[in-house]
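Next come the chains, spelled out residue by residue.
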Amino acid sequence: MINLSLPPVREILKRLIKEKSVKKAVGYANFMLSKKLPYFFSPLSMRISITNRCNLNCLFCSNQYTKDKKKDMSFEEFKYILGQFPFLEEVNLTSFGESFLNKDFFLMLEYLKKRRISAWCIDNFDLLNEKTARDLVNVGTIKKIYASIDGGDKATFEMLRGGAKFEDVVGNIKLLERQKLILNKKFPEIKLICTVSMKNIQNMGKIVELAKELNLKEVLFSPLLIMDNYSPGYEELIKTMMPSMGLYQEEGKKAVQKGRELGVNVCITEIKRFATDCYKWLWNEVDIGYDGAVWPCCRMDYGGDEKKNVPYGNIFKESFRRIWLSDRYRLTREKLSKGELVEACRYKGFCEEGV
């Protein structure tokens, strides 16, 4: 007989009854069981980077500070990887570059559609055109897409988004919305996302106004952070651009208020959430790079100290199951379960400081 007083059981019932979501209840049950019995479970969610090439040269992006060879993941490689995940429900296609540069991008979306796996991504909206917008809407695999908008006006945006034109990106967002209307489709839902730095922190209100102008329902703000293990040149640059948490929270409150006035949902990412939500990655999710490298989390992957950020394995050289059940994965899970920090995590400084 099930003990309804146990916290995990109560949580499962709450998600089933209060949130009226069988999927959330089953997902939580899977998470709780996979913590105890990882051998019998496989991740439900994945972030997979299908390229590390990008057409832009954004001021604060770490991509330009890495020495990795530029590479696209092939469609065959993509299928080979996903073939090892029988229970996959959702894929984050946000790459370490620009996904539309991969010639097999739409083949990958079609494959996900056949597998009934939903997807989402962050995109710079610089390469979209009428055909790709129509194809994106027709395939229907991507349920939400975040447009990277780091400025609510031309001057701020183009200062930060190296090579992109403000009017082109705004025009491409309108283009995708127009294709949804023409084809009478709901997806992908477009949202704005902004990395907040000292260069644009006073511009947050304008970004909310831009969302309203574009008839978009949500804006997500995240602060630019100095993360451990990056190259000295990148760290020095970010130090000059990183906002204080006090200022970030103050301006964030103003943006939230602006959103309430305009009917736009404004989400302000908190550092504590960044630093403490790792539990799910070690049991339910996985991060796979364009070259097959496997990490538990995107906060350990490319761009860091090569000696510390060693992948947990490579899916092209050994099976994911072997990596998933490896001693290193097991030890990392044990550390997190005890509240200990993972050395390779670039966010561990925020945990240590208790931000």
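Attention here is on the structure that accompanies the text. (Residues numbered from 1 in each chain as written. Predicted model: local features only at pLDDT ≥ 70, side-chain atom pairs only at ≥ 80, totals over all residues. Heavy atoms only, no water.)

Concerning the environment of Met204
In this structure, Met204 sits in helix 8 (residues 204-213). Accessibility expressed as a relative area gives 1% for Met204, which makes it buried. Residues Met204 and Ala255 lie 51 residues apart in sequence; the distance between their C-alpha atoms is 6.1 Å. Not counting chain neighbours up to four residues away, the residues in contact with Met204 comprise Val196, Phe221, Glu251, Gly252, Ala255 and Ile268. (Helix = DSSP H or I, 4+ residues; strand = E, 2+ residues; numbered from the N terminus. Buried < 20%, exposed > 50% of the residue type's maximum accessible area, 1.4 Å probe, protein only. Contact = heavy atoms within 4.5 Å.)

Description of the side chain of Ser99
Turning to its location among the elements, Ser99 is positioned in the loop between strand 2 (90-92) and helix 4 (105-114). Judged by its relative accessible area of 3%, Ser99 falls in the buried class. A polar contact is formed between the side chain of Ser99 and the backbone oxygen of Leu93, at a distance of 2.9 Å. (Polar contact = N/O pair within 3.5 Å; in protein donor to acceptor, adjacent residues only side chain to side chain.)

Some thoughts on the packing of helix 8 against helix 10 (residues 245-262)
The N-to-C vectors of helix 8 and helix 10 enclose an angle of 25 degrees; their axes lie 9 Å apart at closest approach. Judged on the interaxial angle alone, helix 10 and helix 8 are roughly parallel. Like other packed secondary-structure pairs, helix 8 and helix 10 cross with a definite hand, here right-handed. In this structure, helix 8 uses Met204, Gly205, Val208, Glu209 and Lys212 to contact helix 10, whose residues at the interface are Glu251, Gly252, Ala255, Lys258, Gly259 and Leu262. (Axes fitted to C-alpha atoms, helices over the stretch in contact; angles between N-to-C directions. Parallel < 35°, antiparallel > 145°, perpendicular 65-115°, else oblique. Left-handed = near helix turned anticlockwise from the far one by under 90°.)

Digging into the sheet that holds strand 2
Taking strand neighbours across the sheet as the criterion, the 10 strands line up as 7-6-5-4-3-2-1-8-9-10 in an open arrangement whose pairing is mixed. With one partner strand each, in any of the chains shown, strand 7 (265-268) and strand 10 (313-314) form the two edges of the open sheet. Lying over the sheet, helix 8 contacts strand 5 (189-196), strand 6 (218-223) and strand 7, oriented at roughly 155 degrees with respect to strand 6. (Pairing = 2+ DSSP bridges.)

Some details on the packing of aromatic side chains
On inspection of all chains with the given rule, the structure shows 12 aromatic pairs. Ring geometry for Phe100 against Phe105: centres 5.0 Å apart, planes inclined by 65 degrees, an arrangement best described as edge-to-face. One aromatic cluster in this structure is built from Phe85, Tyr312, Phe320, Trp324 and Tyr329. Of note, Lys144 hangs over the ring of Trp120, and the distance from its end group to the ring centre comes to 5.3 Å. (Phe/Tyr/Trp six-rings, centres within 6.5 Å; stacked < 30°, edge-to-face > 60°. Lys NZ or Arg CZ within 6 Å of the ring centre and 35° of its normal.)

So, to be careful, I would describe these as geometric facts and stop short of saying anything about function.
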